[in-house]
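The residues making up each chain are set out below.
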Amino acid sequence: MVPDHPVPGIALHGLTRSFGPVQAVKGIDLTVAPGEIVALLGPNGAGKSTTIDLLLGLGEPDGGSVAIFGRTPREAIDHGVVGAMLQTGGLIREISVRELLVVMASLFPSPLDVDDVLELTGIGELADRRTDKLSGGETQRVRFAIAIVSDPDLLVLDEPTVAMDVSARHGFWNAMRAFAARGKTVLFATHYLEEADLWADRIVLMARGAVVADGPTGEIKAMVGSRTIRATLDADLDELRRLPGVTTAELHGRTVVLTCSQSDEALRALLQAHPTACDIEVTSAGLEAAFLELTADEPVDHDVEVAP
């Protein structure tokens, strides 16, 4: 169990890891408090999976330290403190889902009740299904059940919703929130930006092996100074682009979309030129814009999915 004295759920200090000439992790400092839900974002090659591997003791750092509730990764795992769902891994074949969970639960000193796990993860209808008869999305949901059956204090998820459809993804994150509501600490990596926006308390954005931004979602978005103005009016596109404070302008029928470096100045100029404009909205930059700007030096990552 977690020590009584207050210690971080995760404490990474000066973490480094190289593979030949490639420095995958460059001095990562990261502290996650007990009970936090933290999303780890970044393009492919940013160092996310390497950091997770080092956190779980699946690799040795070249430098720095890793602690999970004050323990080494091996000690934490041996005590059942950590549950993990990684990108790779299969299920024992030719047994039922229930039988598999019973086997996994027997490995830990104080596991959750298997029926409670089936209910929490929403896979009760799969309980008697053989593991080799599951779809890709169903397999992911069972792997999640395995990750939490030990009742871990820290849950680590690396791209957990791969192969899930939209409905299954939504169900998965509701289940994760329900589990986290028990006071659990969660660290998850995902390439779906809307998942981080919706489900994380805090975002850690990595690029080039280092942390480039760390904070609540709103704070990450605020790092990008641009705002967007939407309005309904009749206007010429070139005229809109010349408005002060406007960096880009788009027309979608009668809907105008202006990206602005100075939204107040642009809005005043727009209303002066078009006093009959209506349906006006001013919004701050989204997580997509922050992600693209803060990782701008990274190669384009076609695996990252942004919110529509």
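Residues numbered from 1 in each chain as written. Predicted model: local features only at pLDDT ≥ 70, side-chain atom pairs only at ≥ 80, totals over all residues. Heavy atoms only, no water.

Enquirer: Hey, could you run me through the overall build of the protein chain in this one?
Expert: What the protein chain contains, in helices and strands, is eleven helices and 13 strands. With the C-alpha coordinates aligned to their principal axes, the bounding extent of the protein chain is approximately 70 × 45 × 40 Å. Put simply, the protein chain has 308 residues, and 48% of those count as buried. Intrachain contacts of the protein chain at a sequence separation of at least 6 include 68% that bridge at least 24 residues. Total accessible area on the protein chain is roughly 14,600 Å²; 50% of this is exposed by carbon and sulfur atoms. Computed over 25 positive and 45 negative side-chain charges, the inter-centroid distance for the protein chain is 2 Å. (Helix = DSSP H or I, 4+ residues; strand = E, 2+ residues; numbered from the N terminus. Buried < 20%, exposed > 50% of the residue type's maximum accessible area, 1.4 Å probe, protein only. Contact = heavy atoms within 4.5 Å. Areas by Shrake-Rupley, 256 points an atom, 1.4 Å probe, with all protein chains shown as cover. Lys, Arg positive; Asp, Glu negative; His and termini not counted. Charge placed at Lys NZ, Arg CZ, Asp CG, Glu CD.)

Enquirer: Help me out: how do you make sense of the pattern of salt bridges in this one?
Expert: For side chains bearing opposite charge, pairing can occur when the charged atoms are close. The final tally for this structure, using the stated rule, is 15 salt bridges. Among the ionic pairs, E138 bridges to R129, the shortest N-O distance being 3.2 Å. Judged by its relative accessible area of 19%, E138 is buried. Taking relative accessible area as the criterion, R129 reaches 31% and is therefore assigned partly exposed. (Salt bridge = Lys/Arg side-chain N within 4 Å of Asp/Glu carboxyl O.)

Enquirer: Help me out: how do you make sense of the sheet that holds strand β11 (residues 246–252) in this one?
Expert: Across a sheet, strands are paired by hydrogen bonds formed along the backbone, either parallel or antiparallel in direction. What the four strands build is an open sheet, ordered β11-β12-β10-β13; its pairing is antiparallel. Each end of this open sheet is capped by a strand with a single partner; those strands are β11 and β13 (278–284). Mean inter-strand twist for the sheet, computed between neighbouring axes without regard to direction, equals 15°. Across six bridges, strand β10 (residues 227–232) lies against strand β12 (residues 255–260) in antiparallel orientation. Its bridge partner being in β12, T228 is matched across the sheet by T259. Of the strands in this sheet, β10, β11, β12 and β13 touch helix α10 (residues 263–273), which is tilted by about 15° from β10. (Pairing = 2+ DSSP bridges. Axes fitted to C-alpha atoms, helices over the stretch in contact; angles between N-to-C directions.)

Enquirer: How should a nonpolar patch on the surface be read in this particular structure?
Expert: Where nonpolar side chains cluster on the molecular surface, the patch consists of L271, I280 and V282 and spans about 200 Å² of accessible area. Within the secondary structure layout, L271 lies in helix α10. (Patch = residues over 30% accessible without salt bridge, like charges linked within 9 Å, V, L, I, M, F, W, Y side chains within 5 Å.)

Enquirer: How should the state of the cysteines be read in this particular structure?
Expert: As used in these notes, a disulfide is a covalent bond between sulfur atoms, one from each of two cysteines. Applying the stated criterion across every chain yields a total of zero disulfides. Looking at C260, it has no disulfide partner, and the nearest cysteine sulfur is the one in C278, 17 Å off. By relative accessible area, which is 1% here, C260 ends up buried. With relative accessibility at 35%, the residue C278 sits in the partly exposed group. (Disulfide = S-S within 2.5 Å.)

Enquirer: Before we go on, may I ask you to explain the sheet that holds strand β4 (residues 63–68) in this structure?
Expert: As summarised here, the arrangement of the three strands in space is β2-β1-β4, forming an open sheet in which the pairing is antiparallel. The outermost strands of the open sheet, each flanked by one partner alone, are β2 (22–32) and β4. Across the sheet, the mean angle from the axis of one strand to that of its neighbour is 20°, orientation sign disregarded. Examined bridge by bridge, strand β1 (residues 10–19) and β4 share five bridges and lie antiparallel to one another. By the bridge assignment for β4, T16 is matched with G63.

Enquirer: Can you walk me through the packing of helix α3 (residues 97–105) against helix α5 (residues 136–148) in this structure?
Expert: Angle between the axes and distance between the axes: these two values describe a pair of packed helices. Two elements in contact, α3 and α5, have axes separated by 9 Å at closest approach and are oriented at 25°. Between α3 and α5, the crossing angle belongs to the class labelled roughly parallel. Taken as a pair, α3 and α5 cross one another with a handedness that is right-handed. Contacts between α3 and α5 involve V97, L100, L101 and M104 from the first element and V142, A145 and I146 from the second. Its residues assigned to classes, the contact of α3 with α5 comprises seven nonpolar, no polar and no charged. (Parallel < 35°, antiparallel > 145°, perpendicular 65-115°, else oblique. Left-handed = near helix turned anticlockwise from the far one by under 90°. Nonpolar A, V, L, I, M, F, W, Y, C, P; charged D, E, K, R; others polar.)

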